[in-house]
Amino acid sequence: MRRVWLWIAAGVTVLAVASGLVWVKPELPERMDLVGMLKTIGERNDQINEVNGEIAGKMSDIDKRSSTTERIGSQLQALRAGISEQDRSLAELDRLSQKQIELSLSLQELASTLHADLDGVGQGSAEQKAALLKMQASAKHLTELAAEIAQTNSAIAGKVSAAAQTSAEVADDMP
């Protein structure tokens, strides 16, 4: 249900409805003051011109701000393109890092294998060195024995020579 009020004031009938709608019905006075009305119209036109000037200024500000927004938008698009390029670069770096990790793991495996092989070679070398030292000790012992045998043979040769001479002398002395 709507409430309706009706006022009549200063020659103007105002109809107010609770919904907020207002209807004004001007009532013309018997005598019109045309100069006063023109003056009022002039003043109102000046006020309207002032408001229109403010509106035009605010629209100019809006235009400036929209051009700023447009510049910011284009800069954001350039930034987005740069980020996309950086994202592609990072993806490529990630792919290369994965390959580097695989290569590092392969190198680590190779190094472990090489270390085991070098340990085997070192162990074989140590065994070979021990065998060489043993052979050197045997060779030294054989050299000492050969020298002793040579000395003994020399002594025997001297005795055999002396025995041969004695035997020759005994053979000469025999009739």
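Scoring rules and cut-offs
- Residues numbered from 1 in each chain as written.
- Predicted model: local features only at pLDDT ≥ 70, side-chain atom pairs only at ≥ 80, totals over all residues.
- Heavy atoms only, no water.
- Helix = DSSP H or I, 4+ residues; strand = E, 2+ residues; numbered from the N terminus.
- Buried < 20%, exposed > 50% of the residue type's maximum accessible area, 1.4 Å probe, protein only.
- Contact = heavy atoms within 4.5 Å.
- Areas by Shrake-Rupley, 256 points an atom, 1.4 Å probe, with all protein chains shown as cover.
- Salt bridge = Lys/Arg side-chain N within 4 Å of Asp/Glu carboxyl O.
- pLDDT = per-residue confidence, 0-100.
- Patch = residues over 30% accessible without salt bridge, like charges linked within 9 Å, V, L, I, M, F, W, Y side chains within 5 Å.
- Lys, Arg positive; Asp, Glu negative; His and termini not counted.
- Charge placed at Lys NZ, Arg CZ, Asp CG, Glu CD.

Engineer: Can you help me understand the overall build of the chain in this one?
Structural biologist: Across its full length, the chain carries one helix and three strands. Of the regular secondary structure in the chain, the N- to C-terminal order runs β-β-β-α. Per-residue burial over the chain gives 2% buried out of 175 residues. A sequence separation of at least 24 residues applies to 0% of the contacts in the chain between residues at least 6 apart. Working note: accessible area of the chain is about 15800 Å², and carbon and sulfur atoms make up 61% of it.

Engineer: Even after reading the chapter, I still don't get the pattern of salt bridges, so can you show me in this structure?
Structural biologist: As a working rule, side chains carrying opposite charge can pair if their charged atoms are close by. Counting across every chain of the model gives two salt bridges. As a salt-bridge pair, Arg88 and Glu85 come within 2.7 Å of each other at their nearest N and O atoms. One end of the pair, Arg88, and the other, Glu85, are both in helix α1 (residues 34–173), three residues apart, so they sit about a helical turn from each other. Between Arg95 and Glu92 there is a salt bridge, with its nearest N and O atoms 2.3 Å apart. Here Arg95 pairs with Glu92, and both are found in helix α1, just three residues apart, close to one helical turn.

Engineer: Please clarify how the confidence of the model for the chain should be interpreted in this entry.
Structural biologist: Do not read the predicted coordinates in detail wherever pLDDT is low. Residue-level pLDDT values for the chain average 80, and 81% of them are 70 or greater. The element-level mean pLDDT for the chain is lowest in strand β1 (residues 4–9), coming to 45, with α1 highest at 87. Confidence over residues 1–18 falls short of pLDDT 50; this stretch has 33 contacts with residues more than four positions distant or in other chains.

Engineer: Looking at this model, I keep getting lost on a negative patch on the surface. Mind explaining?
Structural biologist: On the surface, Glu43, Asp46, Glu50 and Glu54 cluster together to form a negatively charged patch. Counting through the fold element by element, Glu43 comes out in helix α1.

Engineer: Just to check I follow, could you spell out a nonpolar patch on the surface for this structure?
Structural biologist: Where nonpolar side chains cluster on the molecular surface, the patch consists of Leu34, Met37, Leu38 and Ile41 and spans about 410 Å² of accessible area. Take Leu34: its relative accessible area is 55%, and that puts it in the exposed class.

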